[in-house]
Amino acid sequence: MEKREIKLEDKKSLLSLENRKKLVLTGIIEVISFNEDQIALNTNLGILNIKGKNLKMNKLDVQNGDVVIIGTINSCVYINNEPKKKKHNLISKMFK
């Protein structure tokens, strides 16, 4: 069986909101920041900001890019169209 590399743009992205209390997401690359009022995620569609109250990450599967957030969801806003690339500093470039 041939192993295929899955490209970032080939991954599906799903945002499912149930009664403003449970948010199921796929296509997550990394968690940028989170607290009980706001969560910022890097997704394969760009940066996603989630705002609400008593937000908690109920399930986080980094390998598959799945996240379940519970709490009161007030908004979900994509900031840009491209995922944020991890920046390499000067020292890491020098020692490649």
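In the nomenclature of an unreviewed UniProt entry, the chain corresponds to Spore protein YabP from the organism Clostridium luticellarii.

## Notes on the sheet that holds strand S5 (residues 46-61)
Read across the sheet, six strands follow the order S1-S2-S6-S5-S4-S3 without closing on themselves; strand pairing throughout is antiparallel. Because the sheet does not close on itself, it has two edges, and the strands there are strand S1 (15-18) and strand S3 (28-34). Direction aside, neighbouring strands of the sheet carry axes that sit 45° apart on average. Direction of pairing for S3 relative to strand S4 (residues 38-43): antiparallel, over a ladder of five bridges. Residue pairing for S4: Val 31 is matched across the bridge by Leu 41.

## Notes on a nonpolar patch on the surface
There is a patch of nonpolar side chains on the surface, built from Leu 15, Leu 17, Leu 45 and Tyr 78 and spanning about 330 Å² of accessible area. By relative accessible area, Tyr 78 is classed as partly exposed at 35%.

## Looking at the nonpolar core
Core analysis: the biggest nonpolar cluster contains 11 residues, these being Leu 23, Leu 25, Ile 28, Ile 39, Leu 41, Leu 48, Ile 50, Leu 55, Val 67, Ile 69 and Ile 73. Elements that contribute at least two residues to this core include exactly strand S2 (22-25), S4, S5 and strand S6 (66-78).

## Overview of the environment of Thr 72
When you line up the elements, Thr 72 lands in strand S6. What makes Thr 72 partly exposed here is its relative accessible area of 24%. Distance from Thr 72 to Asn 54, taken between C-alpha atoms, is 6.5 Å for residues 18 residues apart in sequence. Setting aside its immediate chain neighbours within four residues, Thr 72 contacts Arg 20, Lys 21, Lys 51, Gly 52, Lys 53 and Leu 55. Separated by 3.1 Å, the side chains of Thr 72 and Lys 21 make a polar contact.

## A look at the environment of Glu 36
Structurally, the position occupied by Glu 36 is in the loop between S3 and S4. For Glu 36, a relative accessible area of 47% corresponds to the partly exposed category. For the pair Glu 36 and Lys 51, spaced 15 residues apart in sequence, the C-alpha to C-alpha distance is 8.7 Å. Excluding residues that lie within four positions of it along the chain, Glu 36 makes contacts with Gly 52, Lys 53, Asn 54 and Leu 55.

Conventions and cut-offs
- Residues numbered from 1 in each chain as written.
- Predicted model: local features only at pLDDT ≥ 70, side-chain atom pairs only at ≥ 80, totals over all residues.
- Heavy atoms only, no water.
- Pairing = 2+ DSSP bridges.
- Helix = DSSP H or I, 4+ residues; strand = E, 2+ residues; numbered from the N terminus.
- Axes fitted to C-alpha atoms, helices over the stretch in contact; angles between N-to-C directions.
- Patch = residues over 30% accessible without salt bridge, like charges linked within 9 Å, V, L, I, M, F, W, Y side chains within 5 Å.
- Areas by Shrake-Rupley, 256 points an atom, 1.4 Å probe, with all protein chains shown as cover.
- Salt bridge = Lys/Arg side-chain N within 4 Å of Asp/Glu carboxyl O.
- Buried < 20%, exposed > 50% of the residue type's maximum accessible area, 1.4 Å probe, protein only.
- Core = buried A, V, L, I, M, F, W, Y, C linked by side-chain atoms within 4.5 Å.
- Contact = heavy atoms within 4.5 Å.
- Polar contact = N/O pair within 3.5 Å; in protein donor to acceptor, adjacent residues only side chain to side chain.

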